[in-house]
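Results of the structural survey
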Number of protein chains: 2
Amino acid sequence: MDFVFLGTGAGVPAKSRNVSSIAFQLLEERGAVWLFDCGEATQHQILKTPVKPRRIEKIFITHLHGDHIFGLPGLLGSRSFQGGTEELTVYGPKGIKEFITVSLQISGTHLMYPLNIIEIEGGVVFNDGQFTVTALPLEHGMSCFGYRIVEADRPGSLMVVKLKKEGIPPGPLYRRLKNGETVKLEDGRIINGRDYIEEPQKGRIITILGDTRKCENAVKLGQDADYLIHEATLAMDEEEMAHSHYHSTTAQAADIAVKAKAKHLILTHISSRYLGDETARLQAEAAAIFPKSVVAEDLMRIKIPLYSEK
Amino acid sequence: MDFVFLGTGAGVPAKSRNVSSIAFQLLEERGAVWLFDCGEATQHQILKTPVKPRRIEKIFITHLHGDHIFGLPGLLGSRSFQGGTEELTVYGPKGIKEFITVSLQISGTHLMYPLNIIEIEGGVVFNDGQFTVTALPLEHGMSCFGYRIVEADRPGSLMVVKLKKEGIPPGPLYRRLKNGETVKLEDGRIINGRDYIEEPQKGRIITILGDTRKCENAVKLGQDADYLIHEATLAMDEEEMAHSHYHSTTAQAADIAVKAKAKHLILTHISSRYLGDETARLQAEAAAIFPKSVVAEDLMRIKIPLYSEK
Ligand SMILES: [Zn+2]
Ligand SMILES: [Zn+2]
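The rules behind these values
Residues numbered from 1 in each chain as written. Chains lettered and ligands numbered in written order. Predicted model: local features only at pLDDT ≥ 70, side-chain atom pairs only at ≥ 80, totals over all residues. Heavy atoms only, no water. Helix = DSSP H or I, 4+ residues; strand = E, 2+ residues; numbered from the N terminus. Contact = heavy atoms within 4.5 Å. Areas by Shrake-Rupley, 256 points an atom, 1.4 Å probe, with all protein chains shown as cover. Lys, Arg positive; Asp, Glu negative; His and termini not counted. Charge placed at Lys NZ, Arg CZ, Asp CG, Glu CD. Core = buried A, V, L, I, M, F, W, Y, C linked by side-chain atoms within 4.5 Å. Buried < 20%, exposed > 50% of the residue type's maximum accessible area, 1.4 Å probe, protein only. Donors = N, O, S within 2.8 Å, 3.2 Å for Na, K, Ca; no water. Tetrahedral: all angles 85-135°; square planar, octahedral: opposite > 155°, others 65-115°. Pairing = 2+ DSSP bridges. Axes fitted to C-alpha atoms, helices over the stretch in contact; angles between N-to-C directions. UniProt positions renumbered as here; feature names shortened; annotations may be inferred. Polar contact = N/O pair within 3.5 Å; in protein donor to acceptor, adjacent residues only side chain to side chain. Salt bridge = Lys/Arg side-chain N within 4 Å of Asp/Glu carboxyl O. Buried area = accessible area lost by both parts, 1.4 Å probe. Domains from an automatic or database assignment. pLDDT = per-residue confidence, 0-100. Least-squares fit on C-alpha atoms with pLDDT ≥ 70 in both. Phe/Tyr/Trp six-rings, centres within 6.5 Å; stacked < 30°, edge-to-face > 60°. Lys NZ or Arg CZ within 6 Å of the ring centre and 35° of its normal.

What follows concerns the overall build of chain A. Scanning chain A from N- to C-terminus turns up 11 helices and 16 strands. Projected onto its principal axes, the C-alpha coordinates of chain A cover approximately 75 × 50 × 35 Å. In chain A, the share of contacts with a sequence separation of at least 24, taken over all contacts with a separation of at least 6, comes to 63%. On chain A, roughly 13,400 Å² of surface is accessible, and the fraction owed to carbon and sulfur atoms is 53%. Mean positive and mean negative side-chain charge positions of chain A (36 and 39 charges, respectively) differ by 7 Å.

Ranked by size, the top nonpolar core spans 54 residues in total, and within it Ile59 and Leu72 of chain A together with Ile59 and Leu72 of chain B carry the most contacts. Apart from residues no more than four positions distant in its own chain, isoleucine 59 of chain A is found in contact with Leu35, Leu72, Leu75, Leu76, Leu88, Thr89, Val90 and Tyr91 of chain A.

Another aspect to go through is the coordination of the zinc ion (ligand 1). Six octahedrally arranged donors around a metal ideally form angles of 90 or 180 degrees; four tetrahedrally arranged donors ideally form angles of 109.5 degrees. Residue and element names in this part refer to chain A. Note on the zinc ion (ligand 1): its protein donors are His63 (NE2), His65 (ND1), His140 (NE2) and Asp211 (OD). The metal-donor distances range over 2.2 to 2.3 Å. What the four donor atoms of the zinc ion (ligand 1) show is an angle range of 85 to 177° at the metal, which sorts the shape as irregular. Taken in sequence order, the residues that donate to the zinc ion (ligand 1) follow the motif H-x1-H-x74-H-x70-D. With a gap of 146 residues between them, histidine 65 in the loop between strand S4 (56–60) and helix H3 (66–69) and aspartate 211 in the loop between strand S12 (205–209) and helix H8 (216–222) connect regions that are remote in the sequence. Note on histidine 65: relative accessible area 23%, which makes it partly exposed.

Looking now at the sheet that holds strand S14 (residues 265–268) of chain B. Residue and element names in this part refer to chain B. One open sheet accounts for seven strands, arranged S7-S8-S9-S12-S13-S14-S15; its pairing is mixed. If you trace the sheet from one side to the other, it starts and ends with strand S7 (123–127) and strand S15 (293–295), each paired once. Ignoring which end each strand starts from, the neighbouring axes of this sheet average 20° apart. Sheet topology places strand S13 (residues 227–231) next to S14; four bridges connect them, and they run parallel.

Our focus in this paragraph is the UniProt feature "binding site: Zn(2+) 1" (unreviewed entry) in chain A. Residues annotated by UniProt as "binding site: Zn(2+) 1" (unreviewed entry) correspond here to His63, His65, His140 and Asp211 of chain A. Taken together, the annotated residues stretch across 149 residues yet fold into one region, lying no more than 10.2 Å apart by C-alpha. Non-local contacts of histidine 65 of chain A, meaning those with residues more than four positions away in its chain, are made with His140 and Met142 of chain A together with Ser107 of chain B. On the secondary structure map, histidine 140 of chain A appears in the loop between strand S8 (131–137) and strand S9 (145–151). Residue classification places histidine 140 of chain A among the buried positions, given a relative accessible area of 5%. Excluding anything up to four places from it in sequence, histidine 140 of chain A contacts His63, His65, Asp211, Thr212, His245, Tyr246 and His247 of chain A. There is a polar contact of 3.3 Å between the side chain of histidine 140 of chain A and the side chain of histidine 63 of chain A.

So, on to the pattern of salt bridges. What the rule picks out here adds up to 29 salt bridges over all chains. Residue aspartate 128 of chain B pairs with arginine 30 of chain B through a salt bridge whose shortest N-O separation is 2.8 Å. On the criterion of sequence distance, the pair formed by aspartate 128 of chain B in the loop between S7 and strand S8 (131–137) and arginine 30 of chain B in helix H1 (residues 27–30) is long-range, its members being 98 residues apart. A relative accessible area of 37% means that aspartate 128 of chain B is categorised as partly exposed. The partner of aspartate 255 of chain B in a salt bridge is lysine 214 of chain B, with the nearest N and O atoms 2.9 Å apart. Residue aspartate 255 of chain B is found in helix H10 (residues 250–260), and its partner lysine 214 of chain B is found in the loop between strand S12 (205–209) and helix H8 (216–222); the two are separated by 41 residues along the sequence. Aspartate 255 of chain B gets classed as partly exposed once you look at its relative accessible area, which sits at 28%. Several salt bridges share partner residues, and in doing so they unite Glu29, Glu151, Arg154 and Arg204 of chain A into one network.

What follows deals with the interface of chain A and chain B. When the parts of a complex come together, some accessible area is lost, and that lost area is often used as the size of the interface. Each partner contributes residues to the interface: chain A has 33 residues there, and chain B has 33 residues. Counting each side, the surface lost to burial between chain A and chain B is near 2,600 Å², with a carbon and sulfur contribution of 67%. When the area that chain A buries against chain B is broken down by residue, the three leading residues are Glu40, Phe70 and Ile106 of chain A, summing to 26%. Viewed at the interface, chain B and chain A are joined by zero salt bridges. Linking chain A with chain B are six residue pairs in polar contact (both at pLDDT 80 or more), by the criterion used here.

Domain assignment breaks chain A into domain 1 (2–154 + 200–309) and domain 2 (160–196). Between the C-alpha centres of domain 1 of chain A and domain 2 of chain A the distance comes to 45 Å.

Quick look at the confidence of the model for chain A now. Model confidence for chain A is summarised by a mean pLDDT of 95, while 100% of its residues fall at 70 or above. As a predicted assembly, this complex carries a pTM of 0.92 together with an ipTM value of 0.91.

Let us now look at the coordination of the zinc ion (ligand 2). All names here are of chain B. The protein atoms that coordinate the zinc ion (ligand 2) are His63 (NE2), His65 (ND1), His140 (NE2) and Asp211 (OD), at distances of 2.2 to 2.3 Å. Given four donor atoms and angles of 86 to 177° at the metal, the environment of the zinc ion (ligand 2) is assigned as irregular. As a motif over one chain, the donors of the zinc ion (ligand 2) read H-x1-H-x74-H-x70-D. Taken together, the residues histidine 63 in the loop between strand S4 (56–60) and helix H3 (66–69) and histidine 140 in the loop between S8 and strand S9 (145–151) connect sequence positions 77 residues apart. Summarising the burial analysis for this pair, histidine 63 and histidine 140 share the class buried.

Turning next to the sheet that holds strand S3 (residues 32–36) of chain B. Note: strands within a sheet are paired through backbone hydrogen bonds, in either parallel or antiparallel orientation. Residue and element names in this part refer to chain B. The seven strands are arranged S6-S5-S4-S3-S2-S1-S16 in an open sheet whose pairing can be described as mixed. Pairing within the sheet leaves two strands with one partner each, and these edge strands are strand S6 (115–119) and strand S16 (301–303). Strand-to-strand twist in this sheet, taken as the mean axis angle between neighbours without regard to direction, amounts to 20°. Relative to S6, strand S5 (residues 88–92) runs parallel, the two being bridged by five bridges.

What follows deals with the relation of the copies chain A and chain B. Note: a rotation about an axis with an accompanying shift along it relates these two copies of the chain. Mapping chain A onto chain B leaves a residual RMSD of 0.2 Å; the transformation is a rotation of 179° accompanied by 0.0 Å of translation along its axis. Taken together, the turn and the small shift mark the pair as related by a two-fold rotation axis. Minimal C-alpha separation from the rotation axis in chain A is found for alanine 41 of chain A, amounting to 2.6 Å. Looking at the interface residues of chain A, 100% of them are also at the interface in chain B, so both copies use one shared face.

According to the stated counting rule, one finds 26 aromatic pairs over all chains in the structure shown. When the ring of phenylalanine 36 of chain B is compared with that of phenylalanine 60 of chain B, the centres are 4.9 Å apart and the planes differ by 15°; the resulting orientation is stacked. Here phenylalanine 36 of chain B is found in strand S3, whereas its partner phenylalanine 60 of chain B is found in strand S4, with 24 residues between them in sequence. We classify phenylalanine 60 of chain B as buried; its relative accessible area is 0%. Members of the aromatic cluster, connected to one another through ring pairs, are Phe3, Phe5, Phe24, Trp34, Phe36, Phe60, Tyr91, Phe126, Phe131, Tyr147 and Tyr227 of chain A. Between the NZ or CZ atom of lysine 162 of chain A and the centre of the ring of tyrosine 196 of chain A, over which it lies, the distance is 4.6 Å. Residue placement shows lysine 58 of chain B over the ring face of phenylalanine 126 of chain B; its charged tip is 3.9 Å from the ring centre.

Structure (structure tokens):
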């Protein structure tokens with residue numbers, strides 16, 4: 001499980017930061033990539049990374065501003081052109097369906113894979129037992145969502161080495177032990193499966209928010225998150241401007257991370273007014289409030305380890 | 001007058017060639033830039049050039065395939081965000097208006113300049129006395145146009161140095177001489193204005209075609225052109241594939257240049273199957289038929305001199 005930041009800038013593309021997109025890679029977990037937002041030239045950024053367009057299984061759109069969606073028609077078309085055949089689902093606010101449908105139809109783009117477009121209204125938008133994705137509205141002057149992704153806990157694995165050491169041979173018995181049953185062996189021993197199962201592997205929580213003012217739903221979505229990705233368009237001295245443009249400052253994002261008891265905070269959607277060294281200043285502003293803060297950079301990759309790997 | 005090639009690839013973006021766009025700069029002539037096609041990330045390519053988005057006065061779209069239009073909504077929005085206030089006109093086939101309107105409306109993009117969108121059907125699409133732009137349909141399996149831009153001849157300038165040398169002082173008289181009138185001086189001399197006017201400056205002819213099979217209208221549009229820009233998606237040994245995909249080969253483009261008696265041929269829309277050295281092979285194929293052939297590269301700039309500068 002890892003993030004690849006494809007675009008970490010705000011509003012318009014700049015040389016150093018493209019407009020918004022994050023690839024959330026679930027390669028070990030499900031052989032898939034989920035994209036969050038798809039600003040113009042997201043497919044161009046992907047060319048510079050190991051991300052495979054045909055692996056993209058889901059695209060979650062936070063809101064319909066151009067810097068978050070204008071890369072969609074091209075990415076969808078190229079994924080087909082490059083041989084992608086597996087179904088793809090796009091989730092986003094009302095309007096995303098018309099944008100995609102009109103763009104593909106007018107350009108004569110025929111996809112060679114099934115495309116689902118789901119216009120969401122908040123709540124649980126996806127749940128397959130392995131992952132649950134919940135969306136809640138944020139405050140951005142237009143319909144805008146944040147997404148909370150909760151991985152299910154994985155049952156502990158059977159302690160095969162220990163079982164063999166104690167002379168319990170592999171066989172159908174192992175399945176019953178793994179289910180936690182108590183079993184009587186041929187030699188008369190009585191064995192409780194629960195004594196031979198590792199601790200369950202706790203699922204991870206990832207929160208990816210769209211553009212927003214500081215708001216209560218950001219705290220709800222980010223509660224106990226292993227990684228909270230929050231926009232920080234502006235530095236902490238620009239609180240007024242942030243408010244009037246429906247954006248957040250570094251300090252406001254860090255406040256949200258504290259309130260949510262998140263474990264890590266990643267700041268993105270950085271205004272192009274902050275160049276080079278100023279990124280360090282933005283990070284310091286957040287870290288003064290929430291120490292585990294990082295300002296994202298284009299093409300940055302962040303691995304999210306299993307609890308057992310930490 | 002010059003071209004800046006912003007994207008010279010076909011279909012999908014590649015690392016070395018972006019999808020289609022050409023900036024035709026008329027800075028000395030009218031302080032303006034005309035864009036031909038606007039594939040995704042055209043605005044990103046512009047960031048690497050001296051081209052100024054607010055100078056873009058007109059955008060001519062050849063056809064509605066995604067690799068020729070998906071950069072439009074972002075470019076139009078960024079031009080506004082970056083302070084462009086002057087009117088901009090987009091010309092293109094039927095459908096271009098719906099694509100732009102829906103994209104801007106759904107994304108909540110409010111332009112701070114007047115935007116005209118003109119759906120063309122061929123013939124003269126623009127004429128202001130200085131430039132005439134004519135469009136004719138090509139053969140591409142969907143409505144697709146080529147554009148011929150004809151610059152008006154400029155009247156010769158008055159030979160001011162010669163007049164002064166002959167003791168004819170500047171004044172209202174000069175305007176009458178410039179109009180070619182015959183004038184009687186105070187000292188009795190009779191002067192014919194036509195003897196004091198330079199040769200007229202012949203206007204240039206530029207032809208920029210969209211994707212097409214080899215076709216008759218390409219010859220018409222390219223007749224006597226100083227520069228003919230023709231697609232060459234494929235090498236000369238792929239004539240069958242070119243035909244079935246409604247594209248041209250290097251040799252076919254060169255044939256058109258010969259038939260049209262063009263002065264220079266620039267090949268673009270090069271398939272990503274041709275990498276590095278193979279570009280030289282493509283150029284050689286065309287040059288064997290039409291010597292003044294060049295394969296365009298991304299960010300290549302070609303100056304088009306006045307006749308008097310040649
Ligand atoms: Zn936004
Ligand atoms: Zn085409």
